[in-house]
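One-letter residues, chain by chain:
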Amino acid sequence: MTATTFQLGLNSFGEVATDGDRPLSDAETVRLLIEEAKLAEAVGLDVFSVGEHYRPGHNDSATPVLLAAIATATERIRLGTSVTVLSTNDPVRLYHEFSTLDAVSNGRAQLVLGRASATESFPLFGYDLADYEELFEEKLDLFMRLQREETVTWSGKFRPPLVEQQLHPRMPPGGIPTWMGVGGSPNSVVRAARYGLPLMLAIIGGRPQRFAGHVELYHRTLEQFGHAGQPVAQHSLGLIADSDEEADLVALLAAGRRRPRGGARVLQADSRALPGGSR
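For the structure given in this document, a descriptive report is provided here. (Residues numbered from 1 in each chain as written. Predicted model: local features only at pLDDT ≥ 70, side-chain atom pairs only at ≥ 80, totals over all residues. Heavy atoms only, no water.)

1. Concerning the layout of surface pockets
Link 1 in the chain: Here the largest pocket is characterised by a volume of approximately 800 Å³.
Link 2 in the chain: Elements that contribute at least two residues to the lining of the largest pocket include exactly β7 (111–114), α5 (132–148), β10 (178–182), α6 (186–195), β11 (199–203), β12 (232–237) and β13 (266–271).
Link 3 in the chain: It is β10 that contributes the most residues to the lining of the largest pocket, 3 residues altogether. (1 Å grid on protein atoms, 1.4 Å probe; cavity = no way out; pocket = protein on both sides within 12 Å on 5 of 7 lines; lining within 4 Å. Points joined across faces, edges and corners; volume = space filled by probe spheres on them. Helix = DSSP H or I, 4+ residues; strand = E, 2+ residues; numbered from the N terminus.)

Below, the structure is given as structure tokens:
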């Protein structure tokens, strides 16, 4: 019997932190994020991921740059996204950014792709929300072909065509680990299975057990498409303390306040989930 691999990681959205009552500057927050990644590696976590937002109070708008900086400050921890808004990214540019990150980090890069729960990137980069579904489907098709094929000839609606295009630096054969982020849509679960991608469940609130049906659907659909079994992970909010009682007290005292300097934020658990539920 093969042992189940269980991994833990931290996610950051680059939220503006505080030092006592003083809000840190954007630049200080960015530097703090890199220190947090170094700490995550030092305590033995497996993954450190950075989000992608374009709103006040967040400083994670240049995710590949942040991850490259973290790569030079760490040696072992895997570096990922939480999540990459594929709909408003160019797949060719995204490939270049993450193939370079993978080279800089000596093979530690990974991505979680999503459609975006927040939509501020659409008007910022000149996209129409009416194309929400079509944008993601087209860009996912191109991005996965770029990862899985040596040369690509492709045409679509939202960017110029490619003719026998090969990108450099090259990713490893088959690409880097690429997850599909799903917030609850069964259609997104089926899409992940259709592409044979690992499933990342974004559990913002509530009990993980309510996503058991999504995991069952995912495993069943993977089999129908003829793909091998893939890992399932969950992204959820977490608070770490020495005891449940202390965590409850800290949460109560911190309600409505900004995250203190160096405080824990988001806990991610990556595992191969069983059909009966999430682990």
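Additional details are given in the paragraphs that follow.
2. Observations regarding unusual backbone geometry
Link 1 in the chain: Here serine 82 and valine 83 are connected by a cis peptide whose omega angle stands at 0 degrees.
Link 2 in the chain: Positionally, valine 83 belongs in the loop between β5 (78–81) and β6 (84–85).
Link 3 in the chain: Residue proline 169 is bonded to the preceding histidine 168 through a cis peptide linkage, with omega at 0 degrees.
Link 4 in the chain: As for its position among the elements, proline 169 is in the loop between β9 (162–165) and β10.
Link 5 in the chain: Non-glycine residue alanine 116 carries a positive phi angle of around 95 degrees.
Link 6 in the chain: For alanine 116, the location among the structural elements is in the loop between β7 and α4 (121–124).
Link 7 in the chain: Taking the relative accessible area as the measure of exposure, alanine 116 reaches 12% and is therefore buried.
Link 8 in the chain: The backbone of glutamate 164 shows a phi angle near 45 degrees, a positive value even though the residue is not glycine.
Link 9 in the chain: Along the chain, glutamate 164 turns up in strand β9.
Link 10 in the chain: Given a relative accessible area of 63%, glutamate 164 falls into the exposed group. (Buried < 20%, exposed > 50% of the residue type's maximum accessible area, 1.4 Å probe, protein only.)

3. Some remarks on helix α2 (residues 63–73)
Link 1 in the chain: Restricting attention to buried positions, one finds in α2 the residues Thr63, Pro64, Leu66, Leu67, Ile70 and Ala71. Each buried residue of α2 lies within a common arc of 160 degrees when the element is viewed along its axis, so the set occupies one face. When the buried face of α2 is taken as reference, the exposed residues oriented beyond 90 degrees from it are Val65 and Thr72. (Arc of directions from axis to C-beta.)

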